Amino acid sequence: MATLTPSAPPPQSQVPLADTPKPPRRSAVPWRKRWLTSGVLLVVLAVLILLPAALVLLAAFSAGVPRPGNINFDLTLDNFRIFSAPQVQDAFVNSLVVAVCSTALACFIGASLAFLAARSDIPVPKFVYLIGLMPLFLPSYVGALAWSILGSPNAGLLNIAQRDLGTSVPLDIYSMPGMIFVFAMYYSPYTFLLVHGAMSLMSPDLEEAARVHGASSRGMLRLVSFPLALPALIGSAILTFTLIFENFPVAQVLGTPGGVDTLPTFIFRLLNATPSRGNESAAIAVVLVAIVVLVTWLQNRALRKRSFTTVTGKGVRQKKVTLGRARIPVLLLTLVFFCLSIVLPIAALVVTAGQTSPYMTSLSQLTAPGGLDFSSFNDVLGSSGFREAAFNSAVVSVFAAVAGTLLAFLCGYVVYRSKASGRGLVETVSMVPLAIPAVVLGMGLLWTWLVMPIPLYGTLAVLVVAFLAVQSPQGFRGVASSILATDRDLEDSAVMLGANRATAITRVTVPLMKVGLLSTFLLLLMLSMRELTVPLFLYTSDTEILSIAIYDAFENGGALREAAAMSVIYTAFMFVLSYIPRRLARQ
């Protein structure tokens, strides 16, 4: 007997899941807990970065600068009338011309040295690599100060040497060509590093294919190798343009004596005018930030839809490009660049530190009895002013590097290892200082810590806070790369075995990231030692640091020997600091 059984339900129509609207998923974690860590970090970053930027923006559109107990909210556009002044227009044009020409020359120098070191059969390629890298270790304003000693139109050492030799090639470093020359030399390592990395890691398959199809070496480079290095070249060009466009120290040292104003030097002069014209300088600063943001956006737009894969999983063994009879002449040209960027500037500083007479008409005076006396180094090392400035520099740099590394680690961990709400915002705010020129951020930090009820202005602590804000992008990127390279399974395993999350982080993750964290610390330490623009707005006579002491000594002109001796000692210290990360990387 057949029994009736319920018939099977008809098969449901297979509707694509993507077309079925899903109800929003609610996290089981309370919103307060999801926002707790990222919220605290956002508040810290807002005070460090967003508040100074907001005060500059407010000052640009208001009738008064922020002062303690008095923030003016009467909005106006009158401050932007300063752009009708011919001086501002000249400064704007000068900034653009210097930045564009310096960037083009720096990219040419850096890319050429990168190609020679990575892809050519030039003799001593490791030394050529060092030649491309070494200008990075000499702070650009120290290089500018040294070139002001070498290329001053009246008393420059090179002009004196020309008079001794009976030649008269005009050489004036206090001019636009002089600024372009110095900028290009000391910013070429940025292009060198990026292009050298791209060329060293480039897959040889495409080049071999070009050779098989009959392309000459020149055709292969033009059609295959150089186009593949284009992203690195464009990226370095944008970075170099931005750094030069916002640069204050080099423009102040070389441009101001020759009457070549740029936007950063004009902003600084307006702030130091009597009475101070802070609102108009803020209006110029806003335009400066807008141009930097526009350039950064253009870079992203140019590279967004293109593919430039150069690194594959296969072994990389490229064939060197033969230079032929040009090997030795090209090597001599690289040595000329080495002399111009490193040897001559340091030699000028050493000679000036030992020069006994402030007035020199012939280089033969240096070889005369008593012409050179290097006791200035002992005087500098024994002076209380140098020791105090060095102590302040060490304290500020160490605290800024420690706090910056800790803040970067917390931000990086929240962004890449947690599911906290607002973690994308943490990354965005950390990277904001990249789009704000240092002279603008320095102005905003000055107003912030004058207005804030916390009495930090006039102490070393305000310099530490300022360095934290300025170097936030470098610290975040340094730690982020280390976090992404560390497998999180080990940390999760420790948690599964009973350790709480804090213990797992301190006992597992941090030791695994030791090298990356140490490298970030040294990077921030070196950047803090080099920084000049932001401290110029915040230092007092009791909080002078080494970079300010050197700048002041050169600007005042009364202690040129001591300033040169300080620069040599300072440069030697920077070389040692730059050597430590490379030593750690080999271990």
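In case you missed it, the structure is sitting above this.
These figures come from a predicted structure and were not determined experimentally.

1. Section: the overall build of the protein chain
Consideration 1: The helix and strand inventory of the protein chain stands at 26 helices and zero strands.
Consideration 2: The burial tally for the protein chain puts 48% of its 587 residues in the buried class.
Consideration 3: Once local pairs closer than 6 in sequence are excluded, the contacts in the protein chain between residues at least 24 apart make up 76%.
Consideration 4: Total accessible area on the protein chain is roughly 29400 Å²; 66% of this is exposed by carbon and sulfur atoms.

2. A short note on the packing of helix 16 (residues 384-417) against helix 20 (residues 472-484)
Consideration 1: Across the interface, helix 16 lies against helix 20 with an axial gap of 8 Å and an inter-helix angle of 50°. It follows that helix 16 is oblique to helix 20 by the angle criterion. In the crossing of helix 16 with helix 20, the sense of the turn from one axis to the other is right-handed. Residues Thr 405, Ala 408, Phe 409, Cys 411, Gly 412, Tyr 413, Val 415, Tyr 416 and Arg 417 of helix 16 lie in contact with helix 20, whose contacting residues are Gly 475, Phe 476, Arg 477, Val 479, Ala 480, Ile 483 and Leu 484.
Consideration 2: Tallied by class, the residues present in the contact of helix 16 with helix 20 amount to eleven nonpolar, three polar and two charged.

3. Considering the layout of surface pockets
Consideration 1: Approximately 730 Å³ is the volume found for the second largest pocket.
Consideration 2: Lining the second largest pocket are 27 residues; nearest its centre among them are Ile 149, Ala 155, Thr 352, Pro 358 and Leu 560.
Consideration 3: Put simply, the parts of the chain that give the lining of the second largest pocket at least two residues each are helix 4 (140-151), helix 5 (157-165), helix 25 (546-556) and helix 26 (560-586).
Consideration 4: Looking at the lining of the second largest pocket residue by residue, the class counts come to 14 nonpolar, ten polar and three charged.

4. Let's talk about a nonpolar patch on the surface
Consideration 1: A contiguous nonpolar patch, built from Val 124, Phe 127, Tyr 129, Leu 130 and Leu 193 and spanning about 380 Å² of accessible area, is present on the exposed surface.
Consideration 2: Ranked by residue count, the leading element in the nonpolar patch is helix 3 (residues 125-133), at three residues.
Consideration 3: Structurally, the position occupied by Val 124 is in the loop between helix 2 (86-119) and helix 3.

5. Notes on the side chain of Thr 448
Consideration 1: By secondary structure assignment, the location of Thr 448 is in helix 18 (residues 438-451).
Consideration 2: In contact with Thr 448, other than residues within four places in its own chain, are Leu 51, Pro 52 and Leu 55.

6. Let's talk about empty space enclosed by the protein
Consideration 1: For the coordinates displayed, the defined rule picks out three cavities of 30 Å³ or more.
Consideration 2: Considering only enclosed or pocket space, the largest cavity measures out at about 90 Å³ in volume.
Consideration 3: As for the largest cavity, its lining consists of 14 residues, of which Gly 404, Leu 407, Leu 468, Gln 471 and Ser 472 are closest to the centre.
Consideration 4: Breaking the lining of the largest cavity down by element, the ones donating at least two residues are helix 16, helix 19 (460-470) and helix 20.
Consideration 5: By residue number, the principal contributor to the lining of the largest cavity is helix 16, which donates five residues.
Consideration 6: Among the residues forming the lining of the largest cavity, the class breakdown is nine nonpolar, five polar and no charged.
Consideration 7: Roughly 60 Å³ of volume is contained in the second largest cavity.
Consideration 8: Lining the second largest cavity we find Ser 95, Val 98, Ala 99, Met 179, Phe 183, Ile 244, Phe 245, Asn 247, Ala 251, Thr 262 and Pro 264.
Consideration 9: Residue assignment for the lining of the second largest cavity shows that the elements contributing at least two residues are helix 2, helix 6 (176-200) and helix 9 (230-245).

7. Let's talk about the side chain of Gln 162
Consideration 1: Looking at the secondary structure, you find Gln 162 in helix 5.
Consideration 2: Gln 162 has contacts with Thr 167, Ser 168, Val 169 and Leu 171, leaving out every residue within four places of it along the chain.

8. Let's talk about the nonpolar core
Consideration 1: Ranked by size, the top nonpolar core spans 162 residues in total, and within it Leu 254, Trp 447 and Leu 538 carry the most contacts.
Consideration 2: Broken down by element, this core gets its largest block of residues, twelve residues, from helix 2.
Consideration 3: In contact with Leu 538, other than residues within four places in its own chain, are Leu 445, Leu 446, Tyr 457, Val 462, Leu 463, Ala 466 and Thr 543.
Consideration 4: Counting residues in hydrophobic clusters, the runner-up holds eight residues, among them Tyr 413, Ile 483, Ile 505 and Met 513.

Conventions and cut-offs
- Residues numbered from 1 in each chain as written.
- Predicted model: local features only at pLDDT ≥ 70, side-chain atom pairs only at ≥ 80, totals over all residues.
- Heavy atoms only, no water.
- Helix = DSSP H or I, 4+ residues; strand = E, 2+ residues; numbered from the N terminus.
- Buried < 20%, exposed > 50% of the residue type's maximum accessible area, 1.4 Å probe, protein only.
- Contact = heavy atoms within 4.5 Å.
- Areas by Shrake-Rupley, 256 points an atom, 1.4 Å probe, with all protein chains shown as cover.
- Axes fitted to C-alpha atoms, helices over the stretch in contact; angles between N-to-C directions.
- Parallel < 35°, antiparallel > 145°, perpendicular 65-115°, else oblique.
- Left-handed = near helix turned anticlockwise from the far one by under 90°.
- Nonpolar A, V, L, I, M, F, W, Y, C, P; charged D, E, K, R; others polar.
- 1 Å grid on protein atoms, 1.4 Å probe; cavity = no way out; pocket = protein on both sides within 12 Å on 5 of 7 lines; lining within 4 Å.
- Points joined across faces, edges and corners; volume = space filled by probe spheres on them.
- Patch = residues over 30% accessible without salt bridge, like charges linked within 9 Å, V, L, I, M, F, W, Y side chains within 5 Å.
- Salt bridge = Lys/Arg side-chain N within 4 Å of Asp/Glu carboxyl O.
- Core = buried A, V, L, I, M, F, W, Y, C linked by side-chain atoms within 4.5 Å.

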